[in-house]
Amino acid sequence: MEVVFGYPGGAVLSIYDALYDDDRIKHVLTRHEQGAVHAADGYARATGKPGVVIATSGPGATNLVTGIANAYMDSVPLVAITGQVACNMIGKDSFQEADITGITQPITKYSYLVKDVNHLARIVREAFHIASTGRPGPVVIDLPKDVTAARAEFRYPPEIDLPGYQYMYNGITAKLNCAVEAIKRAKKPVIYAGGGVIASGAHEELLQFAERIQAPVTTTLMGKGAFPDTHPLSLGMLGMHGTCYANYAVSECDLLIGLGVRFDDRVTGRVDTFAPNAEIIHVDIDPAEVGKNVNIDIPLVGDVRSILVDLLREIEPQRHDQWLDTVYRWRRDYPLSYCTKKDTIKPQYVVEEIYKVTNGEAFITTEVGQHQMWAAQYYHCKYPRRFVSSGGLGTMGFGFPAALGVQIAYPDAVVFDIAGDGSIQMNIQELATAVQYKLPVNIAILNNHYLGMVRQWQEMFFNKRYSHSNMAGNPDFVKLAQAYGAEGLRVERPEDVRPALEEAINSPKPFVLDFVVDEEENVYPMVPPGGSLNKMLGGSK
Amino acid sequence: MKHTLSVLVENKPGVLTRIAGLFARRGFNIKSLAVGETEDPEVSRMTIVVDGDDRIIEQVTKQLNKLVDVIKLSDITHDEFVDRELVLIKVHCDASNRSEIIQIVDVFRARIVDMGRNSMIIEATGDSGKIDAIETSLRPFGIRELVRTGKIAMVRGPKTRNGEA
């Protein structure tokens, strides 16, 4: 552990006192506990190491709740250390008391309330172990004030004794053989890769595997970067706002190989018409995911990387020329596209320009909404851990603090938060953190003066009744950035997009780019909620 | 179909909440739950009766297995096992029907543990079928109060929780 993100308060004063002159742990002070937990989450996603956040008791701890739920949904290793009132005050509705282990129970992998300082070393060790192994996730350590003030001899337990905590790393051989046979039989295979590929570090094995069996690869939002978007076998993202060709491929395939995925409703659409002709192989380290949403023919419980290594050992190169021709024809005939308008910036264009100007080497974080989908569609990700987005929980306000976490981990990298004008205001206070720690994060606001995704659904499904989705009270983002000591630029013309991006990247300061974009642009293609994947609106058959 | 799950858990505060909470938030239905310490004071055993189709039972067992505090879980529904439940029934009575109630108690090999002028408390143990039957037999007299412990169960034969004979 090198970095912690946090915010001090009464119940954690002893912890902060210990941090005061400790030069081994860097502490980053955010301006809101939610900023701290998202920053820790962003740090974890970009590095693969557990993120650590500290908050005080009561409101400090409850401000972490969204961030903990966010990490839980996306299986991010996170240790949240919360202050608690002194042991003898617990349960008495004391000042700044909240039952945070109780509140977070459904959204943590595990939690501890430490009642004896002699247990602390063991608990911390266990917490990091649980957070970062198996299917990663958040762990809460709730520390009463008197426990942090007490003294004990430091004895780091040599071994972890958690009889109830097990996970399967290697797949079962019999099932592996079934999978090998299915792969050999398949005429029209598709690989559906998710966040589990990134979590297990299996991106290289996936590349080999896909090339070996000549299967096209579609990734989920969480799987973006697990397979290079620029590879000929890549079909981009699937699902509600996936590419037509990815959705057609899944709908037509005879073998679907799910790797580290959870068959989320945003991916499958209507479950009973999902991959209707396919045998389904599901590889996941969490047995509870297998068969949860979709019936699985061949379950392979274990680490994705370990299982891919085993499969690669057994499988000879395959050829599926005819199938790939069909898929590539779909890709040619139904590409992602948008209409350009003279003198109006299209949001998709901004994302394309970010991709070009950074050569696809940047770290991208996103908030949640239309801009997030455009980022996923138009920013081609070549490496794992470089596309950081709130997938499962869909947390607006995640991207900016997450970008700070990424920049802390990689001080020299180019980091872009692709944001909307709604989302960015949910944690805009973190501009102060960016300025204080001299983090040259770039924020690209695709400003359409709307909660764009809400407006799109209101347009499509609620008869254009734009109920409370207009952001009429938006601030002047440039002046706001300047007030914090960051830089800002408002961009209104398409030809100014590129120079503005270059200026932001070259600036050593945090930089807010306010792109005034087409107000009523929609995200297409779109599978209407509850619809079948092969029936998309916009740009399809 | 009803399934009987025998679950060994860490004997620590908060474990029952974790398990009950899991059932609630995943929409699983607990029919009964009985918990108590085992021969090892650090370990408790829960006997959970849960209702659902195969898919639900599969999810229940997988989700329970994921809990760090769950040491071992077995679905013993299809095993040979002994199960018992304890019930206390406070039943209305008067001079005219007291002897009839006592007869019923004898038939079920139950016991009368408290007797007043207008009521008595009957204690019975047995499998769920027997407990249901005694309840049905006493209902016509007027049941004032009824407490059931929920089912506890143990697999027959020399096999123990660690699989050793």
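Not measured: the values here are computed from a predicted model.

1. Observations regarding the overall build of chain B
When helices and strands are tallied, chain B shows 4 helices and 9 strands. Listing the helices and strands of chain B from first to last along the sequence gives β-α-β-β-α-β-β-α-β-β-α-β-β. In terms of principal-axis extent, the alpha carbons of chain B reach across some 55 × 35 × 30 Å. Intrachain contacts of chain B at a sequence separation of at least 6 include 72% that bridge at least 24 residues. Here chain B displays about 9100 Å² of accessible surface, and carbon together with sulfur accounts for 50% of that area.

2. Observations regarding the pairing of strand 10 (residues 255-259) of chain A
All names here are of chain A. Within strand 10, 5 of the 5 residues are buried, which leaves it mostly tucked inside the rest of the structure. As defined by bridge partners, strand 7 (residues 189-193) adjoins strand 10 across 5 bridges and the pair is classed as parallel. Bridging across to strand 10, Val-190 finds its partner in Leu-256. Sheet topology note: the strand 10/strand 11 (residues 279-284) ladder contains 5 bridges and is parallel. Paired with Ile-257 across the strands is Ile-281, a residue of strand 11.

3. A closer look at the sheet that holds strand 15 (residues 415-420) of chain A
All names here are of chain A. Here 6 strands make up an open sheet; going across it, the order is 14-13-15-16-18-17 and the pairing parallel. Strands at the two margins of the open sheet, each flanked by one partner only, are strand 14 (387-388) and strand 17 (487-491). Here strand 17 runs beside strand 18 (residues 511-516); their pairing, made up of 5 bridges, is parallel. Paired with Glu-487 across the two strands is Phe-511, which belongs to strand 18. Running over the sheet, helix 16 (residues 370-378) touches strand 13 (363-366), strand 14, strand 15 and strand 16 (442-447) and is turned about 135 degrees from strand 15.

4. Structural notes on the domain arrangement of chain B
Residues and elements named next belong to chain B. If you check the domain split of chain B, you get domain 1 (2-75) and domain 2 (82-152). The interface of domain 1 with domain 2 comprises 6 residues on the first partner and 4 residues on the second. Interface area, domain 1 with domain 2, both sides summed: about 350 Å², of which 59% is carbon and sulfur. There are 0 salt bridges connecting domain 1 and domain 2. Counting residues per element, the ones that place at least two in the side of domain 1 that touches domain 2 are strand 2 (29-37) and strand 3 (43-51). The greatest single-element share of the side of domain 1 that touches domain 2, amounting to 3 residues, is contributed by strand 2.

5. Looking at the packing of aromatic side chains
Residues and elements named next belong to chain A. Applying the stated criterion to the full structure yields 16 aromatic pairs over all chains. Look at Tyr-192 and Phe-263: their rings are 5.1 Å apart centre to centre, the planes differ by 90 degrees, and that puts the pair in the edge-to-face class. Placement of Tyr-192 in strand 7 and of Phe-263 in the loop between strand 10 and helix 12 (265-268) is noted, with a sequence separation of 71 residues between them. For Tyr-192, a relative accessible area of 1% gives the class buried. What links up through ring pairs into an aromatic cluster is the set Tyr-248, Trp-323, Trp-330 and Tyr-334.

6. Section: the interface of chain B and chain A
The interface is formed by 20 residues belonging to chain B together with 21 residues belonging to chain A. Taken as a group, B:Arg18, B:Arg55 and B:Val68 account for 41% of the area that chain B buries against chain A, more than any other trio of residues on that side. At the boundary of chain B and chain A, one finds 1 salt bridge. Linking B:Lys66 and A:Asp286 is a salt bridge whose minimum nitrogen-to-oxygen distance equals 2.5 Å.

7. Here we look at the side chain of A:Asn442
In this fold, A:Asn442 is placed in strand 16. Not counting the four nearest positions on each side in its chain, A:Asn442 is found in contact with A:Val414, A:Val415, A:Phe416, A:Asp417, A:Ala504, A:Ile505 and A:Phe511.

8. Here's the deal with unusual backbone geometry
Residues and elements named next belong to chain A. Put simply, Tyr-524 and Pro-525 share a cis peptide bond, and its omega is -5 degrees. Along the chain, Pro-525 turns up in the segment after strand 18. Non-glycine residue Gln-96 carries a positive phi angle of around 55 degrees. Within the element layout of this structure, Gln-96 appears in the loop between strand 4 (78-84) and helix 5 (100-103). Positive phi values are uncommon outside glycine, yet Asn-359 reaches one of about 60 degrees. Note that Asn-359 resides in the loop between helix 15 (347-358) and strand 13. Judged by relative accessible area, Asn-359 falls into the exposed class, the value being 51%.

9. Details of the domain arrangement of chain A
Residues and elements named next belong to chain A. Assigned domains of chain A: these are domain 1 (3-149), domain 2 (173-333) and domain 3 (347-516). Centre-to-centre separation of domain 2 and domain 3, based on C-alpha positions: 30 Å. Taken together, the 16 residues of domain 2 in the interface contact 21 residues of domain 3. In total, about 1400 Å² of surface goes out of reach between domain 2 and domain 3, with carbon and sulfur atoms giving 66% of it. Considering only the surface of domain 2 that becomes buried against domain 3, Leu-221, Lys-224 and His-241 emerge as the three largest contributors, covering 42% of it. The tally of links from domain 2 across to domain 3 stands at 0 salt bridges. Run the count over domain 2 and domain 3 and you get 5 residue pairs in polar contact (both at pLDDT 80 or more). Here the residues of the side of domain 2 that touches domain 3 sort into 8 nonpolar, 4 polar and 4 charged.

10. A word on the sheet that holds strand 6 (residues 138-144) of chain A
All names here are of chain A. Here 6 strands make up an open sheet; going across it, the order is 2-1-3-4-6-5 and the pairing parallel. Of all the strands in the sheet, just strand 2 (26-29) and strand 5 (110-113) have a single pairing partner and so form its edges. Across this sheet, the average inter-strand angle for adjacent strands is 20 degrees, counted without regard to direction. Across the sheet, helix 4 (residues 65-73) touches strand 4 and strand 6, and the angle it forms with strand 6 is around 150 degrees. Against the sheet, helix 6 (residues 120-132) engages strand 3 (51-55), strand 4, strand 5 and strand 6, with an angle of about 160 degrees to strand 6.

11. Examining helix 19 (residues 452-461) of chain A
All of the buried residues in helix 19 of chain A are A:Gly452, A:Met453, A:Arg455, A:Gln456 and A:Gln458. Elements that come into contact with the buried residues of helix 19 of chain A comprise helix 16 of chain A.

12. Observations regarding the pattern of salt bridges
Residues and elements named next belong to chain A. Taken as a whole and judged by the stated rule, the model has 41 salt bridges over all chains. Across the pair Glu-459 and Arg-455 runs a salt bridge whose closest N-O atoms are separated by 2.7 Å. Of this pair, Glu-459 and Arg-455 both sit in helix 19, 4 residues apart, which is roughly one turn of that helix. By relative accessible area, which is 22% here, Glu-459 ends up partly exposed.

13. Section: helix 4 (residues 128-138) of chain B
Residues and elements named next belong to chain B. Those residues of helix 4 lying buried are Ile-131, Ile-134, Glu-135 and Leu-138. Projected down its long axis, helix 4 shows its buried positions confined to an angular sector of 100 degrees, all on one face. Where helix 4 is buried, its residues touch strand 5 (81-92), helix 3 (98-107), strand 7 (119-126) and strand 8 (143-148).

What counts, and where the lines are drawn
Residues numbered from 1 in each chain as written. Chains lettered and ligands numbered in written order. Predicted model: local features only at pLDDT ≥ 70, side-chain atom pairs only at ≥ 80, totals over all residues. Heavy atoms only, no water. Helix = DSSP H or I, 4+ residues; strand = E, 2+ residues; numbered from the N terminus. Contact = heavy atoms within 4.5 Å. Areas by Shrake-Rupley, 256 points an atom, 1.4 Å probe, with all protein chains shown as cover. Buried < 20%, exposed > 50% of the residue type's maximum accessible area, 1.4 Å probe, protein only. Pairing = 2+ DSSP bridges. Axes fitted to C-alpha atoms, helices over the stretch in contact; angles between N-to-C directions. Domains from an automatic or database assignment. Buried area = accessible area lost by both parts, 1.4 Å probe. Salt bridge = Lys/Arg side-chain N within 4 Å of Asp/Glu carboxyl O. Phe/Tyr/Trp six-rings, centres within 6.5 Å; stacked < 30°, edge-to-face > 60°. Polar contact = N/O pair within 3.5 Å; in protein donor to acceptor, adjacent residues only side chain to side chain. Nonpolar A, V, L, I, M, F, W, Y, C, P; charged D, E, K, R; others polar. Arc of directions from axis to C-beta.

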